[in-house]
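# Observations on chain architecture
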Amino acid sequence: QVQVVESGGGLVQAGGSLRLSCAASGFTGGIDTMAWYRQAPGKQREFVARHNGFGGTNYDASVKDRFTISTDYAKNTLYLQMNSLKPEDPAVYYCLVVRRFGGNYWGQGTQVTVSS
């Protein structure tokens, strides 16, 4: 059974750091891409960062140079190191796993709150 589980969210002061994790399991046949998205109240879900199977990464301009995406493909785990958190970063952060040969799978999300 496919599972995508995020963890690591919480409350942090502006300027602080958090590290999110996403554990993917049950993906027989492999994973093509893993990515982070976020959704703030009243807003659409938006792209944050992506890590593809060849080691390539992409970031939204709003987080570039502050956030770092990384993976441990042996463990099918995705990370997001978030530094210098800003008041505009709070949201529910979601992990997206794209299965090789098709299929997108979302986790349940983890809440990130930034206090000023």
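Here, every reference points to the structure presented above.
Residues numbered from 1 in each chain as written. Predicted model: local features only at pLDDT ≥ 70, side-chain atom pairs only at ≥ 80, totals over all residues. Heavy atoms only, no water.

## Let's talk about the state of the cysteines
By the definition in use, this model includes one disulfide. Disulfide pairing places Cys 22 opposite Cys 95 at an S-S distance of 2.1 Å. One disulfide, between Cys 22 and Cys 95, carries an S-S torsion of -75° and so falls in the left-handed class. In this pair, Cys 22 is assigned in strand 3 (residues 18-25) and Cys 95 in strand 9 (residues 91-99), connecting sequence segments 73 residues apart. (Disulfide = S-S within 2.5 Å. Helix = DSSP H or I, 4+ residues; strand = E, 2+ residues; numbered from the N terminus.)

## What to know about the nonpolar core
Grouped together as the largest cluster of nonpolar side chains are 25 residues, with contacts concentrated most on Trp 36, Leu 80, Met 82 and Tyr 93. Taken together, the elements giving at least two residues each to this core come down to strand 3, strand 4 (31-39), strand 5 (46-52), strand 7 (67-72), strand 8 (77-82), strand 9 and strand 11 (110-115). Once residues lying within four places of it in the same chain are set aside, the contact partners of Met 82 are Gly 16, Ser 17, Leu 18, Leu 20, Arg 66, Phe 67, Tyr 93 and Val 112. (Core = buried A, V, L, I, M, F, W, Y, C linked by side-chain atoms within 4.5 Å. Buried < 20%, exposed > 50% of the residue type's maximum accessible area, 1.4 Å probe, protein only. Contact = heavy atoms within 4.5 Å.)

## Digging into the packing of aromatic side chains
Throughout the structure, instances matching the rule amount to four aromatic pairs. With 6.5 Å between their ring centres and 85° between their planes, Tyr 94 and Trp 106 make a pair best called edge-to-face. Of the two residues, Tyr 94 sits in strand 9 while Trp 106 sits in strand 10 (residues 104-106), which places them twelve residues apart along the sequence. For Tyr 94, a relative accessible area of 14% puts it in the buried group. Given a relative accessible area of 38%, Trp 106 falls into the partly exposed group. Of the aromatic side chains, those joined through ring pairs into one cluster are Tyr 37, Phe 47, Tyr 94 and Trp 106. Lying over the aromatic face of Tyr 79, Arg 19 brings its terminal NZ or CZ to 4.0 Å of the ring centre. Just above the ring of Trp 106 sits the side chain of Arg 45; from NZ or CZ to the centre is 4.6 Å. (Phe/Tyr/Trp six-rings, centres within 6.5 Å; stacked < 30°, edge-to-face > 60°. Lys NZ or Arg CZ within 6 Å of the ring centre and 35° of its normal.)

## Considering the pattern of salt bridges
Inspection of the entire model under this criterion finds three salt bridges. Between Arg 38 and Glu 46 there is a salt bridge; the shortest N-O distance is 2.7 Å. Among the residues examined, Arg 38 registers a relative accessible area of 5% and is labelled buried. Judged by relative accessible area, which is 37%, Glu 46 ranks as partly exposed. A salt bridge links Asp 89 to Arg 66; the nearest nitrogen and oxygen atoms lie 2.7 Å apart. Residue Asp 89 is located in the loop between strand 8 and strand 9, and its partner Arg 66 is located in the loop between strand 6 (57-59) and strand 7; the two are separated by 23 residues in the primary sequence. You can call Asp 89 buried: its relative accessible area is 0%. (Salt bridge = Lys/Arg side-chain N within 4 Å of Asp/Glu carboxyl O.)

No statement about biological role is implied by the geometric values presented.
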